[in-house]
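Take a look at the letters that make up each chain.
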Amino acid sequence: MPGKLPNFDLSGKVAIVTGGAGLLGRQFSLTLAAAGDSVLVVDMNEAGAQKVANEVAQARGVAEAKKTDITKPDKVEAMLQAALKHFERVDILVNSAAMNPQVSSSGKLSSSGAFEDYPLEAWQQSLDVNLTGSFLCSQVVIRQFLAQESGGVVVNICSTYGLGGPDQRLYQKEGQPPQYKPVDYTVTKAGILGLTKYLATHYGERGIRANAITPGGVFNEQDEDFVKAYAARTVLGRMAHEDEMNGALLFLASDASSYMTGANLVVDGGWTAW
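Residues numbered from 1 in each chain as written. Predicted model: local features only at pLDDT ≥ 70, side-chain atom pairs only at ≥ 80, totals over all residues. Heavy atoms only, no water.

Visitor: Please give an account of the pattern of salt bridges that cites residues and values.
Guide: Using the criterion set out here, one finds eight salt bridges in the structure. A single network of salt bridges, built from pairs that share partners, joins Arg 26, Glu 55 and Glu 242. (Salt bridge = Lys/Arg side-chain N within 4 Å of Asp/Glu carboxyl O.)

Below you can see the structure in the form of structure tokens.
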């Protein structure tokens, strides 16, 4: 790969991937490692993070796992120190960890999500993880970028629901009480774009780039009715496969995107093109 596409080569680089045990975080960790990166797989799910790190090792990549609560400054600092202990530097941060209420195989969300009754505790938890967590991780890692004096890359994960409100019709099932994708997901993902632009403009002259990926809906064993309804609203007529954000991630993490910062790369099967 380095001989054919040198700009995508990450040999000698080190990445931290938060939410690394998640559906996309796992893919991101494997992708970066395949490009030559050493990866610290970060997640609250310690066993899940270790499983992903083991997968990387089985594929002849280099990875370590670290349990981290990204809402706690001391834990985030410990995350950085773990990366430095194992790899001595950090070059890439992927903020993939997020609270995201999912449609289950039975077609239900974890709660009704109605705005007028939405609990403050749930709202606050999403703010803590989706926004404060990304803020804290970016702050700590960028401090390391500056100390290294070698630049760095931040890739934040947004959502089409950060660009526009959810199509709540997707979550309704005939004969059942109404369900809604909750407000905190849209608000926090919109905030991720603001964070991305701020980091890009604040640190551009220091060689630090920040960009976002906006995935469309990714298939994750949702029920058949939901998948069919979602697919009908995309230009390509289907949900994304879990590996279809990997190319965008590698592009933004590598020198292939060296003239991009403050940008949002939308990978949504045409959802926002209508």
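Visitor: Account for the environment of Gly 216, with residues named and values stated.
Guide: Within the secondary structure layout, Gly 216 lies in the loop between β6 (208-215) and α6 (224-232). For the pair Gly 216 and Glu 244, spaced 28 residues apart in sequence, the C-alpha separation works out to 10.0 Å. Residues in contact with Gly 216, not counting those within four places in the same chain, are Thr 160, Tyr 230, Met 245, Val 267 and Asp 268. (Helix = DSSP H or I, 4+ residues; strand = E, 2+ residues; numbered from the N terminus. Contact = heavy atoms within 4.5 Å.)

Visitor: So what's going on with the packing of helix α4 (residues 120-148) against helix α5 (residues 183-203)? Which residues, and what values?
Guide: At a minimum axis distance of 9 Å, the contact between α4 and α5 shows a crossing angle of 15°. As summarised for this structure, α4 and α5 are arranged roughly parallel, according to the angle between their axes. By crossing handedness, the relation of α4 to α5 is classed as right-handed. Contacts between α4 and α5 involve Ala 122, Trp 123, Ser 126, Leu 127, Asn 130, Leu 131, Ser 134, Phe 135, Ser 138, Ile 142 and Leu 146 from the former and Val 183, Asp 184, Tyr 185, Val 187, Thr 188, Gly 191, Ile 192, Leu 195, Leu 199 and Tyr 203 from the latter. Its residues assigned to classes, the contact of α4 with α5 comprises 14 nonpolar, six polar and one charged. (Axes fitted to C-alpha atoms, helices over the stretch in contact; angles between N-to-C directions. Parallel < 35°, antiparallel > 145°, perpendicular 65-115°, else oblique. Left-handed = near helix turned anticlockwise from the far one by under 90°. Nonpolar A, V, L, I, M, F, W, Y, C, P; charged D, E, K, R; others polar.)

Visitor: So, the state of the cysteines: which residues are in play, and what are the values?
Guide: Scanning the entire structure with this criterion turns up zero disulfides. No disulfide involves Cys 137; its nearest neighbouring cysteine sulfur is the one of Cys 158, lying 17 Å away. Overall, Cys 158 belongs to the buried group, its relative accessible area being 2%. (Disulfide = S-S within 2.5 Å. Buried < 20%, exposed > 50% of the residue type's maximum accessible area, 1.4 Å probe, protein only.)

Visitor: Lay out the packing of aromatic side chains in plain terms, naming residues and giving numbers.
Guide: Applying the stated criterion across every chain, the model contains four aromatic pairs. Between Tyr 161 and Trp 271 the ring centres are 6.4 Å apart and the planes differ by 65°, which places this aromatic pair in the edge-to-face class. Of this pair, Tyr 161 sits in the loop between β5 (152-157) and α5 while Trp 271 sits in the segment after β7 (264-267), and the two are 110 residues apart along the sequence. For the pair formed by Tyr 161 and Trp 271, the shared burial category is buried. Ring geometry for Tyr 230 versus Trp 271: centroids 4.5 Å apart, planes at 20°, classification stacked. Taken together, the residues Tyr 230 in helix α6 and Trp 271 in the segment after β7 connect sequence positions 41 residues apart. (Phe/Tyr/Trp six-rings, centres within 6.5 Å; stacked < 30°, edge-to-face > 60°.)

Visitor: Let's hear about the pairing of strand β1 (residues 14-18): which residues, and what values?
Guide: Of all five residues in β1, five are buried; the element is thus mostly enclosed. Of the two faces of β1, the one lined by Val 14, Ile 16 and Thr 18 and the one lined by Ala 15 and Val 17 are each fully buried. The pairing of β1 with strand β2 (residues 38-43) spans five bridges and is parallel. Pairing of Val 14 across the sheet is with Ser 38, part of β2. After leaving β1, the chain enters helix α1 (residues 23-34) and then returns to the sheet as β2, a path that is right-handed. The pairing of β1 with strand β4 (residues 92-95) spans three bridges and is parallel. Its bridge partner being in β4, Ile 16 is matched across the sheet by Leu 93. (Pairing = 2+ DSSP bridges. Right-handed = clockwise from strand over helix to strand, strands pointing away.)

Visitor: Now, about helix α2 (residues 46-58): what can you tell me, with residues and values included?
Guide: Here α2 spans 18 Å end to end across 13 residues, near enough to the 18 Å set by a 1.5 Å rise per residue. Buried residues along α2 sit against α1, β2 and β3 (62-67). Residue Asn 45 occupies the N-cap position of α2, its side-chain oxygen lying 3.3 Å from the main-chain nitrogen of Ala 47. Following α2 by one or two positions, Arg 60 has its phi on the positive side, about 70°. (Expected span 1.5 Å × (residues − 1). Polar contact = N/O pair within 3.5 Å; in protein donor to acceptor, adjacent residues only side chain to side chain.)

Visitor: Please set out the sheet that holds β6 residue by residue, giving values where relevant.
Guide: With parallel pairing, seven strands are arranged side by side in an open sheet as β3-β2-β1-β4-β5-β6-β7. Whereas interior strands pair on both sides, the edge strands pair on one side only; in this sheet they are β3 and β7. Along the sheet, successive strands turn relative to each other by an average axial angle of 15°, direction set aside. Relative to β1, α1 is tilted by about 175°, and along the sheet it contacts β1, β2, β4, β5 and β6. Its contacts with the sheet put α2 on β2 and β3, and the angle it makes with β3 is roughly 175°.

Visitor: Run through unusual backbone geometry, naming residues and quoting values.
Guide: Even without glycine at this site, Glu 88 takes up a positive phi of about 75°. The residue Glu 88 is located in the loop between α3 (73-87) and β4 in this model. The backbone phi angle of Glu 221 is positive, close to 65°, even though this residue is not glycine. Structurally, Glu 221 can be placed in the loop between β6 and α6. Judged by its relative accessible area of 55%, Glu 221 is exposed.

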